[in-house]
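This is what each chain is made of:
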Amino acid sequence: MASLAIGTASLSPLQELSPIQDPVEMVASPFGDLVLVVSGMGDAFVLLDYDPSVAAAPFTARSSFPYSGASPQLPGKAALLGRGSLRGLVLVAELSGVRRVRFDGGGAVTDLGLFSLGSGLENIVGAIGVQP
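This is a predicted model, so every value here is computed, not measured.

1. Looking at the pairing of strand 3 (residues 23–28)
Both strand 3 and strand 4 (residues 34–39) contribute to a ladder of five bridges, which runs antiparallel. Within the sheet, the bridge partner assigned to V27 lies in strand 4 and is L36. What sits between the antiparallel neighbours strand 3 and strand 4 is a turn of five residues, in which G32 has the positive phi angle 75°.

2. A word on the environment of L17
Its place among the elements puts L17 in the loop between strand 2 (11–16) and strand 3. A C-alpha to C-alpha distance of 17 Å links L17 and I6, two positions eleven residues apart in sequence. Among residues more than four places away in sequence, those in contact with L17 are M1, A2, L48 and F59.

3. Description of the nonpolar core
Ranked by size, the top nonpolar core spans 13 residues in total, and within it L36, F45, F65, V90, V101, F103 and V109 carry the most contacts. Counting only elements with at least two residues in this core, the list comes to strand 4, strand 5 (44–50), strand 8 (89–94) and strand 9 (97–105). Per-element tally for this core: the top contributor is strand 4, with three residues. In contact with V90, not counting residues within four places along its chain, are V27, L36, A78, A79, L80, R99, R100, V101 and F103.

Scoring rules and cut-offs
- Residues numbered from 1 in each chain as written.
- Predicted model: local features only at pLDDT ≥ 70, side-chain atom pairs only at ≥ 80, totals over all residues.
- Heavy atoms only, no water.
- Pairing = 2+ DSSP bridges.
- Helix = DSSP H or I, 4+ residues; strand = E, 2+ residues; numbered from the N terminus.
- Contact = heavy atoms within 4.5 Å.
- Core = buried A, V, L, I, M, F, W, Y, C linked by side-chain atoms within 4.5 Å.
- Buried < 20%, exposed > 50% of the residue type's maximum accessible area, 1.4 Å probe, protein only.

Laid out in structure tokens, this is it:
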């Protein structure tokens, strides 16, 4: 993964973020302080702190993610609720359920756990969306 500076006519590389295995989804906090990276084959979430005052390297990876229970299993698509009373809630599709993660502002994040849909092929979650 890398971050880029957007110019009027070009893109310029700023920073390489590694190793992040199979970054299938990125969700920016509505509070402007974090990015949640979903690592599909890594069965993990990676948190990136964002500080725009550090122009050359605005993102810093945290050493761990505070899971509630087990780490994700084949996480994939994610959907952010960016406004209203659920502002900051992220729903992430996993192998057999939907994990809820909440951006709390001020650099804080909470894993609210997995909502399991059960076992079997019929319960595999492949996509997720949110309608206002």
